[in-house]
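# Working through the structure, step by step
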Amino acid sequence: MPLGLIIDGYVDEPACFGVPPYISPYVRYCAGVFMSHGFEVIYLTVDQIRQEKADHLIRSAEVTVVIAGLTVPGRYRGGSPMTLKELKGLSEIPRRGAMIVGGPIGSGYALKGGDAALDVSKILDVDCIATGDPEAVLDLWIRTKEMTHDAKRDYGTLAKWAEAGAQVVKMHPMYPLIIAELELSRGCDRTDGRCSFCVEGLKAREERSPDSVAAEVRCLAIAGVKAFRFGRCANVLTYGGTLTPKGWMPSPDGLRSLYSSVRSAAPDIKVLHMDNGNPKTIATFPDKSFEALKVIASYNTPGDTISLGLESLHPQVVLQNNLKVFFDQALEAVRIVNLAGGTRPFQNSMPSLLPGLNFLIGLPGENKETINENRRFLEKLLSEGLSVRRINIRRPMTFKSTPLGAVDSSAMKGIRDRDYKAFKDWVRSEVDPVMFSRVAPEGTIIRDVICEERLGNLIFGRPLGSYPPLLGITSSTLKEGDTTDVTVTGAGPRSLSGIPWPLDINNCSQQELQGIPGIGKARAMRLILNRPIAGLEQFKAVLDDPGLADKVAKFFSFPSDEGAI
Ligand code: SF4
């Protein structure tokens, strides 16, 4: 049986994410192509081959596919994307078969924002750099032995690869604690031009049917995946929508059909989240958008985020880069999402659906003064009591194929590193903690947090999901890799603090007790010395502070039921 090797160098694009625990559609679809042609498939991540070289596999594979590239680089906790040096090293390993490189790297390479993307075709010693769909390039090569770098597939062809390739998730080093990024559509639904920086906007708009998405979800669920995100889609709100003279209008029925099909295909789903929504759609069609958001909020799981690409709100920058919305439209969009999705579906859960905001600092026309408009916008959200799930601030990368690629680089020098950093620092110190405390106030329960790293008395972890919050959990017993429910006890600039939920009053540690606001060393010791504590009344008596006891009882489980939530 011929060997098909897939090396996942991770991807990050505006409309597709594939850094662990996410697994991108690219690698699954390529696996599906290999499987449908009778290949044995080996899937490795770049982090795995950093630990143990895969040279012998590259030498013997009939075809090696490397998926890599970032178009919106950020910082990642789940893995480190493949560098160009690493990719070049792989391409130079002697091999008997072919090597195809695909993913966003087909448009160029840069590891950090603010840089121009490099054309890698002269740097890599590979048989093909796919500028089309890597799975289509791979399929064509297997069938005809011809490399067609811009080969594309349609959704009819994709279905069988998507379903067959679902099996590859079992080879992911984090399996089963992974989240499958799902493709709903490609290209951009804007009818009034494209944003200057965007490569997604260069693709023709195409939409996948609910049946096709659900069929893939069913296969992924059978393979053991329980977390999903509609990430590969520029604007989830207009999925199944209608084209009108004012642009694509949301269809609540279209979304209902999609979400209900997916729910039926994976009844044991634990996470169903989305990613991108165009704020202009919400501002242009407020009523339909409200209905559409309500539909999403009725089928998704708590903690979901709709990422609104604001980029910059100064009118000069908006006009110069053909961005989506001005200040007032963005504000209206945030208000509507809060109204439709801001409620908590279960007692003490995270809200159903809140906005995430994306800023892109340093586009042509931006300078120290224009950034202040973004600051004014965030101050407005704070003063109106609106909630935002997370604020993403990055610098643009320039790709030759976009309008930005044709702009003189001096036009992007209006922002110095220190202006960018000052804005970012202000958001992290003044805005994030307030938003954290609105979104996940003390007592919020966050389910299925996966413990990642221990630092002293704290173990840090995150749940699976869209932009999951980082939690510093006070616990001496949890280990890396454990999964636990957590009650939030406070918020810092970058993370939430919490304790495992519920705490067994008679078995929890002194540290865990002291992790609860209001319980210091003396009270913790008193509780421990008075064990066993049978129920709430005894707990109150031992604590000797009825007000505090009522406030903190929600953190505990008692042998009797009276104090348990
Ligand atoms: S709306 Fe702008 S950022 Fe979004 S896909 Fe279209 S061009 Fe790209």
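Look above for the structure.
Below: a short report on this structure. Not measured: the values here are computed from a predicted model.

## Re the environment of phenylalanine 436
- Within the element layout of this structure, phenylalanine 436 appears in helix 14 (residues 417-439).
- A sequence separation of 56 residues divides phenylalanine 436 from glycine 492, and the C-alpha atoms of the two residues are 8.0 Å apart.
- Ignoring sequence-local partners within four residues, the contact set of phenylalanine 436 consists of Pro441, Ala491, Gly492, Pro493, Arg494, Ser495 and Leu496.

## Focus: the sheet that holds strand 23 (residues 496-500)
- Strands sit in the order 19-20-21-23-22 around a closed barrel of five strands; the barrel is mixed. Taken over all neighbouring pairs, the strand axes of this sheet differ in orientation by 55° on average, direction set aside.

## Thoughts on the sheet that holds strand 18 (residues 390-394)
- The four strands are arranged 15-16-17-18 in an open sheet whose pairing can be described as parallel. Strand pairing shows two members of the sheet lacking a second neighbour, strand 15 (276-277) and strand 18, which therefore form its edges.

## Section: unusual backbone geometry
- Cis peptide bonds are those with omega within 30 degrees of zero, and the linkage from tyrosine 175 to proline 176 qualifies with 5°.
- Across the junction of arginine 531 and proline 532, the peptide omega takes the value 0°, indicating a cis bond.
- Here the phi dihedral of asparagine 348 falls at roughly 65°; this positive angle occurs in a residue that is not glycine.
- Mapped onto the fold, asparagine 348 is located in the loop between helix 12 (327-341) and strand 17 (353-360).
- Judged by its relative accessible area of 25%, asparagine 348 is partly exposed.
- In the Ramachandran plot, tyrosine 467 falls in the positive-phi region, its phi being about 50° despite a non-glycine side chain.
- Locating tyrosine 467 in the fold gives a position in the loop between strand 20 (458-463) and strand 21 (471-474).

## Topic: the nonpolar core
- In terms of nonpolar packing, the biggest core is built from 97 residues, with Phe228, Phe230, Leu357, Phe359, Phe377, Leu378 and Leu381 touching the most fellow members.
- Per-element accounting of this core gives the leading share, eight residues, to helix 12.
- Contact partners of phenylalanine 377, with chain neighbours within four places excluded, come to Leu310, Leu313, Phe327, Ala330, Leu331, Val334, Leu357 and Phe359.

## Regarding the pairing of strand 22 (residues 483-491)
- Burial of strand 22 is extensive: seven of the nine residues sit out of reach of the surface.
- With four bridges joining them, strand 19 (residues 445-455) and strand 22 adopt antiparallel strand pairing. Each residue of the ladder has a partner; that of isoleucine 450, found in strand 22, is threonine 483.
- For strand 22 and strand 23, the ladder comprises five bridges, and the chain directions are antiparallel. When the bridges of strand 23 are listed, threonine 487 appears paired with isoleucine 499.
- Where strand 22 hands over to strand 23, the hairpin turn is made up of four residues, counted between the paired strands.

## Here we look at the packing of helix 1 (residues 25-36) against helix 5 (residues 134-144)
- Viewed as axis vectors pointing N to C, helix 1 and helix 5 meet at an angle of 15°, and their least axial separation amounts to 9 Å. Between helix 1 and helix 5, the angle falls in the class roughly parallel. Judged by the sense of rotation from one axis to the other, the crossing of helix 1 with helix 5 is right-handed. Counted together, Tyr26, Tyr29, Cys30, Val33 and Phe34 of helix 1 and Pro134, Glu135, Leu138, Asp139 and Ile142 of helix 5 form the full contact between these two elements.
- Within the contact of helix 1 with helix 5, the residues separate by chemical class into eight nonpolar, no polar and two charged.

Cut-off values and rules
Residues numbered from 1 in each chain as written. Predicted model: local features only at pLDDT ≥ 70, side-chain atom pairs only at ≥ 80, totals over all residues. Heavy atoms only, no water. Helix = DSSP H or I, 4+ residues; strand = E, 2+ residues; numbered from the N terminus. Contact = heavy atoms within 4.5 Å. Pairing = 2+ DSSP bridges. Axes fitted to C-alpha atoms, helices over the stretch in contact; angles between N-to-C directions. Buried < 20%, exposed > 50% of the residue type's maximum accessible area, 1.4 Å probe, protein only. Core = buried A, V, L, I, M, F, W, Y, C linked by side-chain atoms within 4.5 Å. Parallel < 35°, antiparallel > 145°, perpendicular 65-115°, else oblique. Left-handed = near helix turned anticlockwise from the far one by under 90°. Nonpolar A, V, L, I, M, F, W, Y, C, P; charged D, E, K, R; others polar.

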